[in-house]
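Next come the chains, spelled out residue by residue.
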Amino acid sequence: MRRRACNDVPVRLLDPTGAESAPEGVRAVSEGFFRSRWVDPPAGVEELDPAALPPGFRAGAAHCGLKGGGKTDVGLLVCDAERVTSSILLTRNASSAAPVRVCRDRCERGAIRAAVVNAGNANAETGEQGYADAVAMCDEAAAQLGLRPETVAVAETGVIGVPLPVDAVLGGIGDAATVLSPSGAAAFSDAILTTDRWPKRCTLRTPEGVTISAQAKGGGMIQPNMATMLCFVQTDAVVEDPDAALRAACDASFERITVDGQMSTNDTLLLQATGAAGVPLPDGLLEAVLLQLAIEVVADGEGSTRVGRVQVEGAASQAEAERVARAIANSPLVKTALFGRDHNWGRIAQAAGMALAGEDLEEIGAAAIDNAELAEETTEAEIGLRLDRGEHGTHVWFSDLGYEYVRINAEYTT
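I will try to describe carefully the structure that is included in this document. (Residues numbered from 1 in each chain as written. Predicted model: local features only at pLDDT ≥ 70, side-chain atom pairs only at ≥ 80, totals over all residues. Heavy atoms only, no water.)

Moving on: helix α8 (residues 332-340). If you check which residues of α8 are buried, you get Val334, Lys335, Ala337, Leu338, Phe339 and Gly340. Just past α8, the residue Arg341 takes up positive phi, approximately 55 degrees. (Buried < 20%, exposed > 50% of the residue type's maximum accessible area, 1.4 Å probe, protein only. Helix = DSSP H or I, 4+ residues; strand = E, 2+ residues; numbered from the N terminus.)

This brings us to the sheet that holds strand β10 (residues 257-258). Here we have 5 strands laid out as an open sheet, ordered β10-β15-β12-β14-β13, and mixed in their pairing. The open sheet is flanked by β10 and β13 (369-370), the only strands paired with a single partner. Of the pairings in the sheet, the one linking β10 to strand β15 (residues 392-399) comprises 2 bridges and is parallel in character. The residue of β15 that forms the bridge with Thr258 is Phe398. Packing of helix α7 (residues 318-329) onto the sheet brings it into contact with β10, β12 (307-315), β14 (380-386) and β15, and relative to β15 it is tilted by some 25 degrees. (Pairing = 2+ DSSP bridges. Contact = heavy atoms within 4.5 Å. Axes fitted to C-alpha atoms, helices over the stretch in contact; angles between N-to-C directions.)

Mapped onto the fold, Val166 is located in helix α3 (residues 166-177). Overall, Val166 belongs to the buried group, its relative accessible area being 16%. Spatially, the C-alpha atoms of Val166 and Cys64 are 9.8 Å apart, while their sequence positions differ by 102 residues. Sequence-distant contacts of Val166, that is, excluding residues within four places in its chain, are made with Asp133 and Ala136.

On to the environment of Ser181. Mapping Ser181 onto the fold places it in the loop between α3 and α4 (185-191). Along the sequence, Ser181 and Ala51 sit 130 residues apart, while their C-alpha atoms lie 9.6 Å from each other. The contacts of Ser181, once residues within four sequence positions are left out, are Leu53, Phe57, Arg58 and Ala59.

Below, the discussion takes up the pattern of salt bridges. Under the defined criterion, the tally for this structure stands at 21 salt bridges. When the shortest N-O distance is used, the salt bridge between Glu296 and Arg35 registers 2.7 Å. Separated by 261 residues along the polypeptide, Glu296 in helix α6 (residues 285-299) and Arg35 in the segment before β1 (46-47) bring together distant segments of the chain. Residue classification places Glu296 among the buried residues on the basis of a relative accessible area of 1%. The salt bridge involving Asp251 is made with Arg247; its shortest N-O contact spans 2.9 Å. Remark: Arg247 and Asp251 occur in helix α5 (residues 242-251); sequence separation between them is 4 residues, near one turn of the helix. By sharing partners, the salt bridges in this structure join Asp196, Arg197, Lys200 and Asp300 into a single network. (Salt bridge = Lys/Arg side-chain N within 4 Å of Asp/Glu carboxyl O.)

Let us look at the packing of aromatic side chains. In the structure shown here, the tally under the stated rule is 4 aromatic pairs. Aromatic pair Trp38 and Trp397: ring centres 6.2 Å apart, planes at 65 degrees, arrangement edge-to-face. Of the two residues, Trp38 sits in the segment before β1 while Trp397 sits in strand β15, which places them 359 residues apart along the sequence. Trp397 shares its class with Trp38; the two are buried. Consider the rings of Phe339 and Tyr403, whose centres lie 5.2 Å apart with planes at 90 degrees: the pair is edge-to-face. You can see Phe339 sitting in helix α8 and its partner Tyr403 sitting in helix α10 (residues 403-410), a full 64 residues away along the chain. A residue is classified by how much of its surface remains accessible, and Tyr403, at 38% relative accessible area, is partly exposed. (Phe/Tyr/Trp six-rings, centres within 6.5 Å; stacked < 30°, edge-to-face > 60°.)

So, in structure tokens, the structure goes:
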């Protein structure tokens, strides 16, 4: 099979705005929010302008110099309702960034009113000063918004190990506070981007009168152990147990993706709900929103051109199914086969066998592997593996691995 050049691959740049962001030779596709074959949204959901927030929320953004070219890099999100229920999930990386540690130490997790975010500097591996800088961001946002600092979450993303220019960021927080708007979600979602090629966001309304909006970012360093990169969700629905709701939706979405097998130091996922609509979230809505966002993160994996889903069945245990699925999804050989549309089933068998090293395993063989879509001209490819060792199974979404991933990460700080 002929190897494709980078600009010869039809890539879906899934920007709902239809912005002309596609590199030369790559076609941009403008579609509705729920565009993945693997996502089933509840019936009757209406898509609204993704700049709009649910009633009771405002957002804004400003430029403080972390990004070049005058791009916005500080975002503020606030809930004006006095009563809000919330939940926050944070990375389990032992080398957690300062903002993650500040959220753990200080946030009232069930009553978070606001979030302050910067993109361009992760404020990770920055010692006591980095922690103090994240606290200062919380305190400044709280002062600007008239809130208690314990009700403000802080999130940061960007390069690790670089001191934060905190005075510039604090100035940016003040600037963002002056432009807060009920239609500021698009500005906020743009401000949190780093290597992303397009924003990941939506605003939806259900037949029951519930509004939900979400903004996410992520492209590289994606194999979470809680969520992925940064994601913020707002709704006016009644959410009685936000921890359970967010955990369940996250387990079925952000926990099931990988770009490069690397866990971020900064992963943060925040849900805020006012209950003003007077009705609960429809079944499956939060799960569908987070799954579509998670798949978009994979589709936008640094240099990604395709998304794959590996489905493992017949494992001896759930842990075994998970181990095999992730070995396949993270295999550079499988990922490059996805990129090159090479239906090389031997790479899938090799990765599965590696995950089961030391086990008594019959030859897997081509008959146990569904790999036809690897070679097809589809941007979403399904891969299947049957182990015949038990009754357990699982799936993982993953990105391909092409030339651009190497270029981006080889030049990330240079």
